[in-house]
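# Residue-level structural notes
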Amino acid sequence: GAAGGAGMAAAAVAPAQEKALGGPVSLGKGAWDCDRGEEIPAEREAEVFEEIATMDFPFEGIPTVPPRKNMTHMAFFCGGCRYRVEAYPDWTAGRVCEALFAGGIARANNPDGNTPGIQGPGDITLIYAGQRMAADKKLEEYHVPPGCKTMIAIETAKLFAKPDPDSAYWN
């Protein structure tokens, strides 16, 4: 009866919410392992990205996230998703873009967007600490530490275009 009707109403709203938010309702769009070419399950993200608080370095008796141990992988945010990829500070930004592209970062492309999407490694710009990294420069020239998990990978065309029609910019 009434419970079924409420469920139907909620189901009718969900697709509209999903369309408005550009995908399923969630805090983010998950994580992707570029080396394995597969999604990182939500329940494993904290472990994979070393975000589990411990008492190794407590602050006033509160657990904190300890310094990272994995120095062989970096993480890049792109289109609401985190991309994990093997990369090192002595690699050029171009080499990292090649690894990201080979690993599947083009899945971030928005078919309804204002830009053509990532069609190759040359369509990606990496950003660290507010600086766009030149493809021929090493990450260490921008002071990127080993195992850094706080960079951005963005379709270069997005830096020069209006936000996509489904962007929160228009809200």
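Preceding this paragraph is the structure being described.
Residues numbered from 1 in each chain as written. Predicted model: local features only at pLDDT ≥ 70, side-chain atom pairs only at ≥ 80, totals over all residues. Heavy atoms only, no water.

For the rest of this paragraph, the subject is unusual backbone geometry. Glycine aside, negative phi is the norm for most residues, and most peptide bonds take the trans geometry. At Ala129, a residue that is not glycine, the phi angle is positive and equals roughly 50°. Mapped onto the elements, Ala129 comes out in the loop between strand E7 (124-128) and strand E8 (131-133). Here His143, not a glycine, exhibits a phi torsion of approximately 65°, which is positive. As for its placement among the helices and strands, His143 is situated in the loop between E8 and strand E9 (151-155). (Helix = DSSP H or I, 4+ residues; strand = E, 2+ residues; numbered from the N terminus.)

Right, let's talk about the nonpolar core for a bit. Counting residues in hydrophobic clusters, the biggest one holds 26 residues, and the most contacted among them are Phe76, Leu100, Leu126, Met133, Val144 and Met151. Counting only elements with at least two residues in this core, the list comes to strand E5 (73-78), strand E6 (81-86), helix H3 (93-102), E7 and E9. Of the residues forming this core, the biggest block, 4 residues, is contributed by H3. Those residues in contact with Phe76 that lie beyond four places of it in its chain are Cys81, Arg82, Tyr83, Val85, Val96, Leu100, Leu126, Met151, Ile152 and Ala153. Core analysis: the second largest hydrophobic core is formed by 5 residues, Ile40, Val48, Phe49 and Ala75 among them. (Core = buried A, V, L, I, M, F, W, Y, C linked by side-chain atoms within 4.5 Å. Buried < 20%, exposed > 50% of the residue type's maximum accessible area, 1.4 Å probe, protein only. Contact = heavy atoms within 4.5 Å.)

The way to describe two aromatic rings as a pair is by their centre distance and the angle between their planes. A complete count under the given rule lists 2 aromatic pairs for this structure. Taking the centre distance of 5.5 Å and the plane angle of 65° together, the rings of Tyr88 and Trp91 count as edge-to-face. By relative accessible area, which is 12% here, Trp91 ends up buried. A centroid spacing of 4.6 Å and a plane angle of 90° characterise the contact between Tyr169 and Trp170, whose relative ring orientation is edge-to-face. Judged by relative accessible area, Tyr169 falls into the exposed class, the value being 55%. Relative accessible area serves as the criterion here: at 46%, Trp170 is assigned to the partly exposed category. (Phe/Tyr/Trp six-rings, centres within 6.5 Å; stacked < 30°, edge-to-face > 60°.)

Applying the stated criterion across every chain, the model contains 5 salt bridges. Between Arg84 and Asp33 there is a salt bridge, with its nearest N and O atoms 3.5 Å apart. Residue Arg84 is located in strand E6, and its partner Asp33 is located in strand E1 (residues 31-33); the two are separated by 51 residues in the primary sequence. As far as the burial class goes, Arg84 and Asp33 line up, both buried. The partner of Asp164 in a salt bridge is Lys158, and the shortest N-O contact between them spans 2.8 Å. (Salt bridge = Lys/Arg side-chain N within 4 Å of Asp/Glu carboxyl O.)

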